[in-house]
Amino acid sequence: VRMIYKLSFAVALCFSLCFDLCIAESYVLDDKVGLGRTFDGIGGLSGGGATSRLLVNYAEPYRSQILDYLFKPNFGASLHILKVEIGGDAQTTDGTEPSHMHYENDENFFRGYEWWLMREAKKRNPNITLIVGNICLPWAFPGWVGHGKNWPYDFPDITASYVVSWILGAKHYHDLNIDYVGIWNERNFDSKYIKLLRYTLDKSGLERVRIIASDNLWQPITYSLCVDQELAEAVDVIGAHYPGTTTVIEALKTQKKLWSSEDYSTFNDEVGGGCWARILNQNYVNGLMTATISWNLVASYYEDLPFGRDGLMTAEEPWTGNYVVESPIWITAHTTQFSQPGWTYLQTVGHLVHGGSYVALTDSNGNLTVVIETMVSIYLPVHYISDGSFTLSLDVDEVYTLTTISTGLKGTYPDPPTSGPFPKVYFDDFNVANPSFSEAPDFADQTGVFEYYINLTDPGPHVFTLRQVVTQMPVTWATDADQTISIIGDYKWQNLTVTCDVFMETVKTGGVFIAARVDKGGQSVRSAKGVFFWVFADGSYKVTNDLVGKTVLAEGLSGTRAYGWHTLTLTVEGQYATGLLNGYPLWKDAVVLGPKNGWAAIGTHSFELAQFDNFAVEAK
């Protein structure tokens, strides 16, 4: 990526520029024919799968440096938009995010890290646009919202109230004004819910909050808007996911703003950066989309989960402090540092004859920014600038910004610490009286939600624990496991010992496990294999080779019961595994069928309350 080429001339309010490529190739930038659509910005998406999970565990100053590269104006990506997930207690791609309402009579607006992230973004850029999505693809809802069904729209008043309560909580508890809420419907488009949401927002004093629909595909929302005036008045933006830079004629006819409300989802190397450059230009050139939002914001989740390193930058090692400012950060800066929401595209934008594209934007006050990408083979020979025209040569697979703006900066910090693996010796007693975040460091919940818990009824050593709190299968588009599970550590771990104190809260049917060599998470969590050491409230134990518990390696009586603490120890060495209960051998030399490596984990037999304490790992 060639960073930034500045033009050194003043541009009058009415301008006509021409740049020549090769022989007889002329491209005119002219506002005499009128202006195009208003630019709404470029953003990143934190969520749709717990994608910022590890970011909060970074120590200072590295965490603030990462945030600066994402949000600080005229420094790095300088994002104009931040979109976050309303946690739904469910697997939504790479993990779960906690709901503000686990249960119908429960409200807590300090769970998770999205509140913190929005505050940090606003601290750096007070003008950043905040968007929330509750069911993009869809994301998820707690089970009570669906009243036992895996669908949130049979009771639209409950669903609308749930979403609005989150937006109200953002303002009341965090002084965050949410600008847009995204809506998506997986089946037949539900215009009734959108109208009800608009009504509920207005009734709650949230008239300023706008609605993006369908936050998935151009149809059927576009058709519905054309035939339903009340719906058209409720919807402000038509959002599409991964539109391939194109739209449909019917969407243009609505005169609504068109956004690529989720895009990119590509490995963040140089090739991924090129893909992002092409998307940012051609979403407008081909589809007249005035905002583009990357999934995801920052690759801050275990890389061996699905879609590893699909963020604008990488921050997956809070234990070392290492992070990497990847190519897409600077690709983003080519546009964000030299144009702002409210600027206007020229109508004279388009494709280069030999491949690539160009866009031009103006603030209508004499400033002009031109962004050119050559992400396909192109031969182009800088000559001169005079009389409002210029000739320049463009290399293959590069991005150029030509601008009258002089405030851009390729920000930099000293190199972060060297990359390194997860510590081989790890311990957490969860003794945090006032935790900054509801999740324990480095645990990545894959089904269920594991939160810090203060057990005020326990005067002993287990006052501060980690508790699994989801008691009902959530409304989810991804396939959660029937068991809850949270992973941690190094995916390359082979031989290790895992120890944890466990406390079952469900009589007779309750069950918990610790595990090693867990090989899958994210949307594939149901098929996870590894070595799982279970104990149950009916006084039995089981060792299985899979999360679902079908491949049994050993089983028998344990004497375990609910409402009592037990210490489990699992050692896996080569092809054999051994388990201790309260320090005494319970089973040994179970033959491990595979896999050869994977994460450590804790979890429960079903969606049930259970507590964990004094978690430790020692890997060889």
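Conventions we followed
- Residues numbered from 1 in each chain as written.
- Predicted model: local features only at pLDDT ≥ 70, side-chain atom pairs only at ≥ 80, totals over all residues.
- Heavy atoms only, no water.
- Helix = DSSP H or I, 4+ residues; strand = E, 2+ residues; numbered from the N terminus.
- Rg over C-alpha atoms; globule rule 2.2 N^0.38 Å.
- Buried < 20%, exposed > 50% of the residue type's maximum accessible area, 1.4 Å probe, protein only.
- Areas by Shrake-Rupley, 256 points an atom, 1.4 Å probe, with all protein chains shown as cover.
- Lys, Arg positive; Asp, Glu negative; His and termini not counted.
- Charge placed at Lys NZ, Arg CZ, Asp CG, Glu CD.
- Patch = residues over 30% accessible without salt bridge, like charges linked within 9 Å, V, L, I, M, F, W, Y side chains within 5 Å.
- Salt bridge = Lys/Arg side-chain N within 4 Å of Asp/Glu carboxyl O.
- UniProt positions renumbered as here; feature names shortened; annotations may be inferred.
- Contact = heavy atoms within 4.5 Å.
- Pairing = 2+ DSSP bridges.
- Axes fitted to C-alpha atoms, helices over the stretch in contact; angles between N-to-C directions.
- Parallel < 35°, antiparallel > 145°, perpendicular 65-115°, else oblique.
- Left-handed = near helix turned anticlockwise from the far one by under 90°.
- Core = buried A, V, L, I, M, F, W, Y, C linked by side-chain atoms within 4.5 Å.
- Domains from an automatic or database assignment.
- Nonpolar A, V, L, I, M, F, W, Y, C, P; charged D, E, K, R; others polar.

Visitor: How should I be thinking about the overall build of the chain in this particular structure?
Guide: Along its length, the chain carries nine helices and 35 strands. Taking 25 Å as the expected radius of gyration for a compact globule of 620 residues, we find that the chain reaches 26 Å, a close match to that expectation. By principal-axis analysis of the C-alpha atoms, the chain measures approximately 90 × 55 × 40 Å. Counting across all 620 residues of the chain, residues that qualify as buried make up 62%. In the form shown here, the chain has an accessible surface area of approximately 22,900 Å², with 52% of it arising from carbon and sulfur atoms. Positive and negative side-chain charges in the chain, numbering 42 and 68 respectively, have mean positions lying 2 Å apart.

Visitor: Just checking my understanding: could you explain a nonpolar patch on the surface for this structure?
Guide: Residues Y576, V591 and L593 make up a contiguous nonpolar surface patch of roughly 320 Å² in combined accessible area. With respect to the helices, strands and loops of the structure, Y576 is situated in strand β32 (residues 576-581). By relative accessible area, which is 44% here, Y576 ends up partly exposed.

Visitor: Which parts of the structure should I look at to understand the UniProt feature "domain: Glycosyl hydrolase family 59 central" (unreviewed entry) in the chain?
Guide: UniProt records the feature "domain: Glycosyl hydrolase family 59 central" (unreviewed entry) at residues 345-376, using the numbering of this structure. Structurally, residues 345-376 comprises 0% helix and 50% strand, and the distance from its first C-alpha atom to its last is 23 Å.

Visitor: Would you mind showing me how to read the pattern of salt bridges here?
Guide: Across all of its chains, the model carries 19 salt bridges by this definition. Of the charged contacts, one joins D154 and K149 as a salt bridge, the two residues approaching to 3.3 Å between their closest N and O atoms. You can call D154 partly exposed: its relative accessible area is 39%. In this structure K149 comes out as partly exposed when scored by relative accessible area, which is 48%. When salt bridges with common partners are traced through the structure, they connect D68, E120, K123 and R124 into a single cluster.

Visitor: Sorry if this is basic, but what is going on with helix α1 (residues 62-71) here?
Guide: Counting buried residues in α1 gives eight out of ten residues, a clear majority hidden from the surface. Among all positions of α1, only R63, Q65, I66, L67, D68, Y69, L70 and F71 are buried. Where the residues of α1 are buried, they touch β5 (81-85), α2 (114-124), β12 (314-317), β13 (322-324) and α9 (327-336).

Visitor: Which parts of the structure should I look at to understand the pairing of strand β30 (residues 552-557)?
Guide: Every regular strand shows the same layout, with side chains that alternate between the two sheet faces. Relative to β30, strand β29 (residues 540-546) is paired through five bridges, and the arrangement is antiparallel. Its bridge partner being in β30, S540 is matched across the sheet by L557. The turn linking β29 back onto β30 is made up of five residues, and G549 within it adopts a positive phi angle of 85 degrees.

Visitor: Sorry if this is basic, but what is going on with the packing of helix α8 (residues 270-287) against α9 here?
Guide: For any two helices packed against each other, the geometry comes down to the angle between their axes and how far apart the axes lie. At a minimum axis distance of 8 Å, the contact between α8 and α9 shows a crossing angle of 25 degrees. One way to sum up the angle between α8 and α9 is to call them roughly parallel. Between α8 and α9 lies a crossing of right-handed hand. Facing E270, G273, W276, A277 and L280 of α8, the residues of α9 in contact are S327, P328, I331 and T332.

Visitor: Any chance you could explain the nonpolar core here in plain terms?
Guide: In summary, soluble globular proteins display a tendency toward joint burial of nonpolar side chains. F71, L82, W166, I167 and L197 are the most contacted members of the largest nonpolar core, which has 94 residues in total. At eight residues, helix α3 (residues 156-174) tops the list of elements feeding residues into this core. Not counting chain neighbours up to four residues away, the residues in contact with I167 comprise V132, I178, V181, L201, L206 and V209. Of all hydrophobic cores here, the second largest spans 72 residues; its members include A291, A440, V531 and A537.

Visitor: What should I look at first to understand the sheet that holds strand β27 (residues 511-518) in this one?
Guide: Adjacent strands of a sheet pair through backbone hydrogen bonds, lying either parallel or antiparallel. One open sheet holds the seven strands; their spatial order is β22-β25-β34-β27-β28-β29-β30, and the pairing between them is antiparallel. For this open sheet the edge positions go to β22 (444-447) and β30, each flanked by a neighbour on one side alone. Taken over all neighbouring pairs, the strand axes of this sheet differ in orientation by 20 degrees on average, direction set aside.

Visitor: Would you mind showing me how to read the UniProt feature "domain: Glycosyl hydrolase family 59 C-terminal lectin" (unreviewed entry) in the chain here?
Guide: UniProt's feature table lists "domain: Glycosyl hydrolase family 59 C-terminal lectin" (unreviewed entry) at residues 445-619, given in the numbering used throughout. Taken end to end, residues 445-619 comprises 0% helix and 54% strand; its first and last C-alpha atoms sit 21 Å apart.

Visitor: What exactly am I supposed to notice about the domain arrangement of the chain here?
Guide: Think of interface size as the accessible area that goes away when the parts come together; that is how it is often given. Domain assignment breaks the chain into domain 1 (39-318) and domain 2 (425-619). Placing a centre on the C-alpha atoms of domain 1 and another on those of domain 2 gives a separation of 32 Å. Summed over the shared surface of domain 1 and domain 2, the number is one salt bridge. When the shortest N-O distance is used, the salt bridge between E451 and R111 registers 3.5 Å. Among the residues making up the side of domain 1 that touches domain 2, the classes are represented as 22 nonpolar, 13 polar and seven charged.

Visitor: Is there a simple way to think about the side chain of Q483 in this case?
Guide: Note on placement: Q483 falls in the loop between β24 (464-468) and β25 (484-488). Look at Q483 and you get buried, because its relative accessible area is 7%. When near neighbours in sequence (up to four residues on either side) are disregarded, Q483 contacts T447, W534, L547, V548, T604 and H605.

Visitor: Help me understand the environment of F430, please; the structure alone is not making it clear to me.
Guide: You can see F430 is positioned in the loop between β21 (425-428) and β22. Taking the C-alpha atoms as reference, F430 lies 25 Å from N495; in sequence the two are 65 residues apart. With near-sequence residues (within four places) excluded, F430 lies in contact with A440, F443, Y452, F464, T465, L466, F612, D613, N614 and F615.

Visitor: Where do I start with the packing of α1 against α2 in this structure?
Guide: Two elements in contact, α1 and α2, have axes separated by 10 Å at closest approach and are oriented at 65 degrees. Of the two elements, α1 crosses α2, and the hand of that crossing is right-handed. Touching R63, S64, L67, D68 and F71 of α1 are W116, L117, E120, A121 and R124, all from α2. Looking at the contact of α1 with α2 residue by residue, the classes come out as five nonpolar, one polar and four charged.

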